Amino acid sequence: MRPLVLAHLYPREMNIYGDTGNVLVLRRRLEWRGLPVTVVPVSVGDSLPSDADVLLGGGGQDAAQGEIGADFATRGAQLRAMADDGVVMLAICGSYQMLGHEFVTQEGRRIPGVGVLDVTTHGQAERLIGNNYVETPDAGRLVGYENHSGLTTLWSGARPLGTTRPGRGNNGSDGTEGAVRDNVIGTYLHGPVLAKSPRFADDLLRRALARRGDPVELEPIDDTLPELAARVAVGRPR
Ligand code: GLN
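Report on the accompanying structure. (Residues numbered from 1 in each chain as written. Predicted model: local features only at pLDDT ≥ 70, side-chain atom pairs only at ≥ 80, totals over all residues. Heavy atoms only, no water.)

## Observations concerning the sheet that holds strand S2 (residues 37–42)
Link 1 in the chain: The strand order S2-S1-S3-S4-S12-S11 describes an open sheet built from 6 strands, whose pairing is mixed. The sheet terminates laterally at S2 and strand S11 (179–181), the two strands that pair on one side only. The mean inter-strand angle of the sheet, taken between neighbouring strand axes irrespective of direction, is 15 degrees.
Link 2 in the chain: Direction of pairing for S11 relative to strand S12 (residues 184–187): antiparallel, over a ladder of 3 bridges. Directly across from Val180, in S12, lies its bridge partner Ile185. (Pairing = 2+ DSSP bridges. Helix = DSSP H or I, 4+ residues; strand = E, 2+ residues; numbered from the N terminus. Axes fitted to C-alpha atoms, helices over the stretch in contact; angles between N-to-C directions.)

## Things to note about the environment of Arg28
Link 1 in the chain: Its location among the elements puts Arg28 in helix H1 (residues 21–31).
Link 2 in the chain: You can call Arg28 partly exposed: its relative accessible area is 34%.
Link 3 in the chain: Separated by 69 residues in sequence, Arg28 and Gln97 place their C-alpha atoms 27 Å apart. (Buried < 20%, exposed > 50% of the residue type's maximum accessible area, 1.4 Å probe, protein only.)

## With respect to the nonpolar core
Link 1 in the chain: Counting residues in each nonpolar core, the largest one holds 60 residues, and the members touching the most others are Leu55, Met89, Leu99 and Leu194.
Link 2 in the chain: Ranked by residue count, the leading element in this core is helix H5 (residues 198–212), at 6 residues.
Link 3 in the chain: If we ignore the near neighbours within four places in the chain, the residues touching Leu55 are Ala7, Leu9, Leu48, Leu79, Met82, Val87, Val88, Met89 and Leu90. (Core = buried A, V, L, I, M, F, W, Y, C linked by side-chain atoms within 4.5 Å. Contact = heavy atoms within 4.5 Å.)

Here it is as structure tokens:
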């Protein structure tokens, strides 16, 4: 089997609250099953592998988003084509915002997005911070942590990833969290989210395998520890 290619976007600039852990989780869950995997870091100026099966991007400070903004914008056409082609993307917080149409910071600075997700984000003075969990229709409960100033609005081309009651989610007002179109998923959940949401991790791997026409049955893994960690996290106050 050809290795599953995980492209890790901007590992230096976009990696707060341990989001790089999402790359490790996917890699390990493949390796534990004896499935071949290649991780390709993609930094400013690097080319994005055209055979990438999964793209992962983490959160970043507004300043980091500004630093990578111009480079990210040059990748718009390729990223939209990949999304149309069913490539799996998991974008956390700052990367989620930049997959949308635009992020306007609280100071009014406009960081253009690539329009893969039909969402827009505006920063505000109050940060939305705290432990959070999200109920999703496809992958059960996702557990993580949020910390963002941006309020994200979903438009008609994006549906919410799920709903949150404990957290603030996309905008603190409509109870939605994250956004989905095709195999592209954006969420505010740090943590890293996949470490405490193993079912979600496998759901992403199955989507990537199915797209290539590879078998999607995944050998079971003993997820006692991540499930325990998720239960403990859910019981923690915000
Ligand atoms: N800088 C963005 C915001 O504050 C994203 C933050 C993040 O990625 N945690 O909304």
